[in-house]
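So the chains spell out like this:
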Amino acid sequence: MRRLLPDPGPTTVAEQLEGFRPWEELHQDRPRVAMNFAATVDGRATIEGRSGPIGSDTDTEMLLGLRSRFDAVMIGAGTMRAELYGPLAKKQETRERRQRAGAQPEPLMVLISGRLDLPWEAPLFAAGGEVLIFTSSETEPPQTESQVEVVRHPGAVNLAEALRHLRERGIRALLCEGGPHLHEQLQADGLVDDLFLTIAPKLVGGEAPRILEGPLPGVIDLELAWLLEEDGELFARYRRRT
Ligand SMILES: NC(=O)c1ccc[n+]([C@@H]2O[C@H](COP(=O)([O-])OP(=O)(O)OC[C@H]3O[C@@H](n4cnc5c(N)ncnc54)[C@H](OP(=O)(O)O)[C@@H]3O)[C@@H](O)[C@H]2O)c1
């Protein structure tokens, strides 16, 4: 892998992420929030309904490396239904590395759901970990092996409020892995600090969603914080221009 910007030269995912310490730039009223997406050159965020076929193994390495830098990972219900998440830190080595750095062995998994219509059979709910769900539904979740906690927001989940709640329980930095509709709301509400975007050298066409779906109140200006390349795949980190 090579770094194109800034300071061109050889690098690795691990080396590049070593200097990225989101927990050091704290917000008082919410965690520091980064989004992570993979897209094709024609801007599509899925291939046959899933994100997995877009990126390479290096993209997966980047995603896993990013997770290791955050206290919590958040996704919307649409992403959970499509991707059927499992536990976030399976490897003992990863869990120990996190603990040595003063973090919990596994990031807290946070779900945002209107209807609480979730794939309860997914490995995430069988793994015995901790899952926090913000929902506007009044239904009760089923009993699962994982410890599921539900926080209810009548009508719709207020994302700024949800993030404040997470900050109050000690979450300093949160990685949001999508999807496109949750991304739109977080950007519209000014709640995103970093956007990690992998651009895979592929075209898919069709009607697949982009990384952000829905209206924004105006154009959001971003600045490019870094750009990496491997085998024609680009790994960009954007920051919101202030
Ligand atoms: N390429 C990538 O990097 C990437 C990343 C993530 C996802 N994806 C793809 O994106 C697709 C899913 O897209 P999506 O936009 O539907 O996913 P999404 O944003 O994860 O989920 C949307 C759902 O989240 C819930 N939600 C969002 N905001 C809410 C709020 N304020 N209050 C209450 N509920 C809220 C609603 O759930 P309910 O339906 O429960 O009401 C809504 O239908 C999948 O195909 C997935 O593979 C791609």
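Shown above is the structure to which this text applies.
Read on for an overview of the structure. Small disclaimer: the values here were computed from a predicted structure and weren't measured. The numbers attached to residues start from 1 for each chain and follow its sequence in the written order. Owing to the predicted nature of the model, reporting of local features is limited to residues with pLDDT of at least 70; listing and counting of side-chain atom pairs is limited to 80 or more, with chain, interface and lining totals taken over all residues. Side-chain descriptors were evaluated using all non-hydrogen atoms of the structure, hydrogens and water having been removed beforehand.

### What to know about the sheet that holds strand β8 (residues 173–176)
Move 1: Whether two strands pair comes down to DSSP finding at least two bridges between them. Helix and strand definitions here come from DSSP, where helices need a minimum of 4 consecutive H or I residues and strands a minimum of 2 consecutive E residues; each element is numbered from the N-terminal end. Taken in spatial order, the 11 strands make up an open sheet running β2-β1-β10-β11-β9-β3-β8-β4-β5-β6-β7, and their pairing is mixed. Looking along the sheet, the strands with just one partner apiece sit at the ends: β2 (9–10) and β7 (147–152).
Move 2: Examined bridge by bridge, strand β9 (residues 194–200) and strand β11 (residues 233–240) share 6 bridges and lie antiparallel to one another. Within β11, the residue paired with F196 across the bridge is R237.
Move 3: Each of β3 (32–40), β4 (72–76), β8, β9, β10 (222–230) and β11 is contacted by helix α2 (residues 57–67), which is oriented at about 35° to β11, the strand it contacts most. The contact rule is simple, with two residues in contact once any of their heavy atoms fall within 4.5 Å. Here an axis means a line fitted to C-alpha atoms, over the contact stretch when the element is a helix, while the angle between two N-to-C directions is reported on a 0 to 180 degree scale.

### Considering the layout of surface pockets
Move 1: Residues are called lining when one of their atoms sits within 4 Å of a cavity or pocket point, these points coming from a 1 Å grid over the protein atoms alone, where a cavity is a set in which a 1.4 Å probe fits but cannot get out and a pocket is an open set with protein on both sides within 12 Å along at least five of seven lines. Grid points are joined across faces, edges and corners, and a volume is the space filled by probe spheres set on the points. Its volume calculated, the second largest pocket comes out at about 350 Å³.
Move 2: Residue lining of the second largest pocket: 16 residues in total, with D71, Q104, E106, L108 and E130 positioned closest to the centre.

### Remarks on the site of the ligand
Move 1: Each residue is tested against the molecule or strand, and it is near if at least one of its non-hydrogen atoms lies within 4 Å. Taken together, 28 residues form the shell around the ligand, and within it A45, T79, R81, E83 and H181 come nearest.
Move 2: In the analysis that follows, any N or O atom pair within 3.5 Å is treated as a polar contact, provided that within protein one partner can donate a hydrogen and the other can accept it, and provided that, for residues neighboring in sequence, both atoms belong to side chains. Between the ligand and A38 there is a distance of 2.8 Å, counted from a nitrogen atom to a backbone nitrogen or oxygen.
Move 3: For the ligand, the protein covers 85% of the area, taking 930 Å² as the surface of the free molecule.
Move 4: At the level of elements, β3, α3 (77–83), β5 (108–113) and α7 (180–188) are the ones that each hand at least two residues to the shell around the ligand.
Move 5: Ranked by residue count, the leading element in the shell around the ligand is α3, at 6 residues. In short, Shrake-Rupley with a 1.4 Å probe defines the accessible areas, and a residue's cover is counted only from the protein chains shown.

### Focus on the environment of P141
Move 1: Relative to the helices and strands, P141 resides in the loop between β6 (130–135) and β7.
Move 2: Separated by 24 residues in sequence, P141 and D117 place their C-alpha atoms 9.1 Å apart.
Move 3: If near-sequence neighbours (up to four positions away) are discounted, P141 is found in contact with L116, W120, V148, V150 and R152.

### Points about α7
Since the α-helix advances by 3.6 residues per turn, residues separated by three or four positions end up pointing in the same direction.
Move 1: Taken residue by residue, α7 has P180, L182, H183, E184, L186 and Q187 as its buried positions.
Move 2: Of the residues trailing α7, G190 is marked for its positive phi of about 70°. Buried residues are those whose accessible area, probed at 1.4 Å on protein chains only, stays under 20% of the maximum for their type, while exposed residues exceed 50% and partly exposed ones sit between those limits.

### A few points about the packing of aromatic side chains
Move 1: When two rings of Phe, Tyr or Trp (its six-membered ring) have centres within 6.5 Å they constitute a pair, described as stacked for plane angles under 30 degrees, edge-to-face for angles over 60, and tilted for the intermediate range. Tallied over the entire structure, the rule returns 5 aromatic pairs.
Move 2: Within the aromatic cluster, the residues linked to one another by ring pairs are F20, F70, F196 and W226.
Move 3: Charge-over-ring placement is defined geometrically: NZ (Lys) or CZ (Arg) within 6 Å of the ring centre, and within 35 degrees of the ring normal. Of note, R237 hangs over the ring of W226, and the distance from its end group to the ring centre comes to 5.1 Å.

### What about the pairing of β4?
Move 1: In terms of residue burial, β4 counts as a mostly covered element, since 5 of its 5 residues are buried.
Move 2: Along β4, one buried face is formed by A72, M74 and G76 and the opposite face, lined by V73 and I75, is buried too.
Move 3: Judged from the 5 bridges that link them, β4 and β5 form a sheet pairing that is parallel. When the sheet's bridge partners are listed, A72 is paired in β5 with L108.

### Some words on the environment of V157
Move 1: Inspection of the secondary structure assignment puts V157 in the loop between β7 and α6 (159–168).
Move 2: Look at V157 and you get buried, because its relative accessible area is 12%.
Move 3: Each C-alpha atom, one on V157 and one on F134, is 6.5 Å from the other, the two residues being 23 residues apart in sequence.
Move 4: Discounting chain neighbours no more than four positions away, the residues touching V157 are I112, S113, F134, T135, S136 and A162.

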